[in-house]
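# Notes for the structure review
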Amino acid sequence: MTDDLLAHNVPELTVSELSGALRRTVETAFSRVRVRGEISQPKCAASGHWYLRLKDDEAVIDGIIWRGQAAKLPVRPEEGMEVIATGRLTTYPGRSSYQIVIDSLELAGEGALLKLLEDRRKRLAAEGLFDAARKKPLPFLPGVVGVVTSPTGAVIRDILHRITDRFPLRVLLWPVAVQGDGAARAIVAAIEGFNSLDPAGPIPRPDVLIVARGGGSLEDLMAFNEESVVRAAAASQIPLISAVGHETDVTLIDHAADVRAPTPTGAAEIAVPVRAELVARVLGLAERLERSTTRLFGDRRERLEALARGLPRLDRLLEPLAQRLDDRGERLERVIAGLMERCGRDLADRGGRLQPGLLLRPCEAGLTRLQDLGARLDRESARGLADRQARLEALAPRLESVSHRSVLARGYALVRRVSDGTLVTSAGRAGAGEDLALVFSDGTLGVRVEGGGAPVLPSPAAARAPAGAASAGADAVMPAGPGSGVPETAPVSTPAPASAAVSAGGTVSGTVVSGGVPDAAQPAGAPAAASPARPRRSPRKGEADQRQASFLDDFE
Amino acid sequence: MSAKKDPAKTASADAGTDGMPAIDTLTFEQALAELESIVRQLEAGSVDLESAVRFYERGVALRRRCETRLAEARMSVESIARTPEGETGLAPFGTE
């Protein structure tokens, strides 16, 4: 029992007392340590604290990064990251564990850092942050250039010098720390600040941004590898040129920038053209404008003048036309002449065929028909004539019986005045010395009146009556009166028998007219004489008329 | 950015003659590119006379525009500064 009591002379501690003692011991002994290891199972709690484990091949130790410190870390804890953690050890009595409270983390070794950057680059590239399609073209001639870099140092001076040399313009500097704690945040703020400027505000919004830093170690350039900086550069609406470190240094912002410049000076050259070159270019264009315009107008003028020279004079233009007109006129005449000649030939040709023979046939036909008709007419008229002759012959004795001839035959005579052939029907009408013709039935006697016109006839009444009868008879038979050569043409009203008698008397005028042809024999003889001639006569109508007339003559 | 040959893009009220964008709305690069285009067409000699006159006049105006812009060259450097109230302001910046 005593041993047990003795055994128990070691002061008895509670768990809390022991844990507390242990904690004091650990924290005292390891108030600041640097431990190298590989990060395992990093985890950011909702509170913003980071929990992770550091391990090597054989051991592991829990680690914690309080929120305040986590924000300042240059690198974000990642699985497998080889780091050197700086901090202090403490215990967590509630779980009987110890852990390291990390103040800062740094990558352990360059290879590890490069591997980290490569992994990050791949991750961001997979997001499309570095896509070529996202690249924005740089303005040809910016009005304002925004520069994000340290206000001190050679970088800003180099940039400003180069811009001045090329094309002096307005430069806005957004001063930032380019390394160390807070550099990344300042750079992000500067990029976003420039982008948020109102173009119409008091501070002009740059047309192009240059994010620059001079050369340095990989660690020095780490701010430009920070994911936040890379994302801000990729999100910038203003075209962004990155120029970090030397030409061989590549940071992740270079991938996200629209253009990567090898150096800050190079960035200035990319951002700003050379004014003198532009002036020369504009002048060259102006000169070409003048020259080409002059040549253009000169060419047109030359062409115009050449065309004007080639334009023929009006008369030259008309001459060939006039010639053609003459030619055509000539040809027209020839053609017409030829045409007329041909027509003449045609006419002659056809006229030649127009022979009298053509007319002969119808003429002959007509003649034949005429002869035919004539023959018929002869026949008909002959028959008619025969009839009429028969009638006439029948009438002749009757006519004779009432003619003055018959009166004359009974011993009367007609007295005619020889001078005018008029009948002297009274003694008083015959003047003394007048030649009278006494017409008897068998002839005429010429007498001269002696003494005054006293009637000498023994019986004036007897003489008067026969005379009157004779006169009336002469009038009645006038058409067939003696001495009438053309009785058919003499008007009935004229005293043709008297004139005929005169002419007849004229032919026998003299003292005595002796022995005329006995009139009475003729009517009988004439038809007899005419009859034989009738068949011989032409059947023509005219001849028929003539024949009729001669028949009457014969009759007379 | 090259709206120089597309009149439809610049149907603004102050558009220039012939449906071309007004000269003073053009950036230096646009003016320069259009001037180059005009010079090339005139040098090709394929434009008719009336167009040539218009082209020439516009070319002269574009040249003036470019030269004006080039004459504006003046260096000024300012630094963004935060006022105590957190406002963003400008301050002259000396390189030395």
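This is a predicted model, so every value here is computed, not measured. (Residues numbered from 1 in each chain as written. Chains lettered and ligands numbered in written order. Predicted model: local features only at pLDDT ≥ 70, side-chain atom pairs only at ≥ 80, totals over all residues. Heavy atoms only, no water.)

Time to look at the overall build of chain A. Within chain A, the regular secondary structure consists of 17 helices and 13 strands. Taking all 556 residues of chain A together, the buried fraction comes to 34%. For chain A, contacts bridging at least 24 residues in sequence account for 62% of all contacts bridging at least 6. Of the roughly 33,000 Å² of accessible surface on chain A, 57% is carried by carbon and sulfur atoms. (Helix = DSSP H or I, 4+ residues; strand = E, 2+ residues; numbered from the N terminus. Buried < 20%, exposed > 50% of the residue type's maximum accessible area, 1.4 Å probe, protein only. Contact = heavy atoms within 4.5 Å. Areas by Shrake-Rupley, 256 points an atom, 1.4 Å probe, with all protein chains shown as cover.)

What follows covers the sheet that holds strand β3 (residues 60-65) of chain A. Residues and elements named next belong to chain A. Strand order around the closed barrel formed by 5 strands is β1-β2-β3-β5-β4, with mixed pairing between neighbours. Strand-to-strand twist of the sheet, defined as the mean angle between neighbouring strand axes without regard to direction, takes the value 50°. Relative to strand β5 (residues 97-107), β3 runs parallel, the two being bridged by 3 bridges. When the bridges of β5 are listed, Asp62 appears paired with Gln99. (Pairing = 2+ DSSP bridges. Axes fitted to C-alpha atoms, helices over the stretch in contact; angles between N-to-C directions.)

Moving on, we get to the confidence of the model for chain B. Residues and elements named next belong to chain B. In this model, chain B carries a mean pLDDT of 77, and residues with pLDDT of at least 70 account for 77%. Ranking the elements of chain B by mean pLDDT puts strand β2 (residues 88-92) last, at 82, and helix α1 (residues 28-44) first, at 90. Across residues 1-16, confidence stays below pLDDT 50; counting only partners more than four residues off in sequence or on other chains, it has 21 contacts. Two numbers describe this predicted complex: its pTM, 0.49, and its ipTM, 0.76. (pLDDT = per-residue confidence, 0-100.)

Attention now moves to unusual backbone geometry. Residue and element names in this part refer to chain A. Its identity is not glycine, yet Gln41 carries a phi of approximately 50°, on the positive side. With respect to the secondary-structure elements, Gln41 resides in strand β1 (residues 33-44). You will see that Ser96, though not glycine, has its phi angle at about 55°, which is positive. Inspection of the secondary structure puts Ser96 in the loop between β4 (82-92) and β5. Using a relative accessible area of 70% as the deciding quantity, one classes Ser96 as exposed.

A few words now on the packing of aromatic side chains. For the coordinates displayed, the defined rule picks out 2 aromatic pairs over all chains. Note on Phe140(A) and Phe28(B): the rings are 5.9 Å apart at their centroids and 10° apart in plane angle, and the pair reads as stacked. Placement of the pair is Phe140(A) in the loop between α4 (110-127) and β6 (144-149) and Phe28(B) in helix α1, with the two residues belonging to separate chains. By relative accessible area, Phe28(B) is classed as buried at 5%. (Phe/Tyr/Trp six-rings, centres within 6.5 Å; stacked < 30°, edge-to-face > 60°.)

It is worth spelling out the pairing of strand β7 (residues 170-175) of chain A at this point. Pairing of β6(A) with β7(A) involves 6 bridges; the strand directions are parallel. Considered in β7(A), the bridge of Val147(A) is made with Leu173(A). Assessed by its sense of winding, the connection that carries the chain from β6(A) through helix α5 (residues 154-166) of chain A to β7(A) is right-handed. Sheet topology places β7(A) next to strand β1 (residues 76-82) of chain B; 4 bridges connect them, and they run parallel. The residue bridging Leu173(A) from the neighbouring strand is Ser79(B), located in β1(B). (Right-handed = clockwise from strand over helix to strand, strands pointing away.)

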